[in-house]
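Structure at a glance
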Amino acid sequence: MMPHDYLIEALAPLVFRSGKPFGSQAGADGAAFPLPSSLAGLVRTLYADQHKEGFSDALRQIAVAGPLLARREADGRTVPLLPKPNDALYLKDGADTCVIRLAPARLPSGAGCDLPEALMPVQMTRSLDGKPVVGPQFWPLERVIEWSAGAELDFHQLKVEGLASLATEDRTHVALDRKTYAADDGRLFQTGGIELTACQDKQGWESHDLVFLGRGEVKLASTLATFGGERRLSRLHAADTGHYWPAPPHELDAQIRAAKGLRLTLATPAIFSAGHLPGWLDAQTLSGEPPACPGLSLRLRAAAIERWLPVSGWDLATNKARAMRKAVAPGAVYWFELLGDPPSGFLDQLWLRPVSDHTQDRHDGFGLALPAAWLPPAHQ
């Protein structure tokens, strides 16, 4: 089925739950980036509404990919922004800041670690006695592709082209007494929303705003929609394939085949049955085939992963909360060695496609991965 592209334009600060437990001891739930299931729910709800269908198992099988953050320029161009890869480290070097690469490497003679024997530790490729600093958390897709291909990046250029963080807005609300409809004394609560509209500074209004990009199996009519909580309005723009969603570089297929290695950088959270380890890998040999790409035999050699991300939500079919699960946060990098030649057309099955274990999680868009060529140490 030919996919369709979507662009979501926020008309108000959007509210998404972080997934952490909520209660009197948990504190306020701040603004969070939308989970893939939020976009999947939006697309399926709009499809059901526009086609006058009810909730069903068939509706849940509509595959949706995203959301990806993007900057929309004044001329209408969209620049996708992906989370910073975990193999990039910002270090202060005197008055300057450097982007240091982390890469799989064998330990020196006499050294050891508690990793499985098949895995290599991820180490700094350049020795620098610097202090970690905060930097852009979202990079333009073009820079992520360059970094994944081995290029060095300039920190100051990333600050200009990337995004340090998403702007947020907190709103204070008061609970209403159901009998009198007056404010209930002492019952205040806050919601945190992410602000995507153009901001104002001393020079005036910025020439761009932020939007979300998505892709799905169904064609939708452009419409207003409520995306996230508190019924905040957004506008969904629908387009044909390739209008918004980024395409892979033309030479990438040949580069991966020649390198005999593959790196996957997560663009959305991934859910694996073995925590950080994909369930489609054999626990002993760490080899296997991604579910969406049969015939592509891989062996895991290394991974760069930060702390886990909580994933939960509300199930409209059962009208109850879903159990919280631990996901691998976006930005995680996995390095694989190719076991044999990749099948024909494998790149189309990998490029920003989900690599999570379970079919429903893949339909929901968990685990979108950005592939790139990687030269394993044995071939260097």
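A quick note: this is a predicted structure, and the numbers were derived from the prediction, not measured. (Residues numbered from 1 in each chain as written. Predicted model: local features only at pLDDT ≥ 70, side-chain atom pairs only at ≥ 80, totals over all residues. Heavy atoms only, no water.)

**Concerning the overall build of the protein chain**
When you go through the protein chain residue by residue, the secondary structure sums to seven helices and 24 strands. The C-alpha radius of gyration computed for the protein chain amounts to 22 Å, which stays within 12% of the reference 21 Å derived for 380 residues, consistent with globular compactness. Counting only C-alpha atoms and orienting by the principal axes, one finds that the protein chain spans roughly 75 × 55 × 45 Å. Every one of the 380 residues in the protein chain was classed for burial, and the buried ones make up 46%. (Helix = DSSP H or I, 4+ residues; strand = E, 2+ residues; numbered from the N terminus. Rg over C-alpha atoms; globule rule 2.2 N^0.38 Å. Buried < 20%, exposed > 50% of the residue type's maximum accessible area, 1.4 Å probe, protein only.)

**So, the packing of aromatic side chains**
This model, assessed by the stated rule, comprises nine aromatic pairs. Ring geometry for W139 and W147: centres 5.8 Å apart, planes at 85 degrees, overall edge-to-face. Overall, W147 belongs to the buried group, its relative accessible area being 0%. Taken together through their ring pairs, the aromatic side chains of F16, F33, F138, F212 and F227 make up a single cluster. Above the plane of the ring of Y90 lies K84, whose end atom (NZ or CZ) is 5.7 Å from the centre. The residue whose ring lies beneath R101 is W147, and the NZ or CZ to ring-centre distance is 3.8 Å. (Phe/Tyr/Trp six-rings, centres within 6.5 Å; stacked < 30°, edge-to-face > 60°. Lys NZ or Arg CZ within 6 Å of the ring centre and 35° of its normal.)

**Quick notes on helix 5 (residues 252-259)**
Among the residues of helix 5, those classed as buried are L252, I256 and A259. For helix 5, the arc enclosing every buried residue in end-on projection is 70 degrees, short of the 170-degree limit, so these residues lie on one face. Buried residues belonging to helix 5 abut strand 17 (261-266), strand 22 (333-338), helix 6 (346-350) and strand 24 (368-373). Downstream of helix 5 by a residue or two, K260 has a phi angle that is positive, lying close to 65 degrees. (Arc of directions from axis to C-beta. Contact = heavy atoms within 4.5 Å.)

**Considerations on a nonpolar patch on the surface**
Together, L11, L224 and L233 line one region of the surface with nonpolar side chains, adding up to about 250 Å² of accessible area. Note on placement: L233 falls in strand 16 (residues 233-239). (Patch = residues over 30% accessible without salt bridge, like charges linked within 9 Å, V, L, I, M, F, W, Y side chains within 5 Å. Areas by Shrake-Rupley, 256 points an atom, 1.4 Å probe, with all protein chains shown as cover. Salt bridge = Lys/Arg side-chain N within 4 Å of Asp/Glu carboxyl O.)

**Looking at the environment of D96**
Locating D96 in the fold gives a position in strand 6 (residues 96-104). Residue classification places D96 among the partly exposed residues on the basis of a relative accessible area of 37%. On a C-alpha basis, the gap between D96 and H156 in space is 9.3 Å, while along the polypeptide they are 60 residues apart. Only 3.0 Å separates the side chain of D96 from the side chain of H156, close enough to count as a polar contact. (Polar contact = N/O pair within 3.5 Å; in protein donor to acceptor, adjacent residues only side chain to side chain.)

**Some thoughts on the pattern of salt bridges**
The full count for this structure, using the stated rule, is 16 salt bridges. For R235, the salt bridge is made with E9, and the minimal N-O distance between the two is 3.4 Å. Of the two residues, R235 is situated in strand 16 and E9 in strand 1 (residues 4-10); the sequence distance between them amounts to 226 residues. R235 sits in the partly exposed class, given a relative accessible area of 32%. A relative accessible area of 16% means that E9 is categorised as buried. Of the charged contacts in the structure, one is a salt bridge between D253 and R257, with a shortest N-O distance of 2.6 Å. Here R257 and D253 lie together in helix 5, a separation of four residues that amounts to about one turn.

**Details of the environment of A303**
Tracing the backbone through its elements, the reader meets A303 in strand 19 (residues 298-304). In sequence terms A303 and W335 are 32 residues apart; their C-alpha atoms lie 6.1 Å from each other. With sequence-adjacent residues up to four places away left out, A303 is seen in contact with V122, V333, Y334 and W335.

**Quick notes on the sheet that holds strand 6**
Read from one edge to the other, the open sheet built from four strands follows the order 7-6-5-8, with strand pairing classed as antiparallel. Edge positions in the open sheet fall to strand 7 (122-124) and strand 8 (131-132), since each of these has one partner strand only. As paired strands, strand 5 (residues 88-93) and strand 6 are joined by six bridges and run antiparallel to one another. Bridge pairing links K92 to T97 in strand 6. (Pairing = 2+ DSSP bridges.)

So, to be careful, I would describe these as geometric facts and stop short of saying anything about function.
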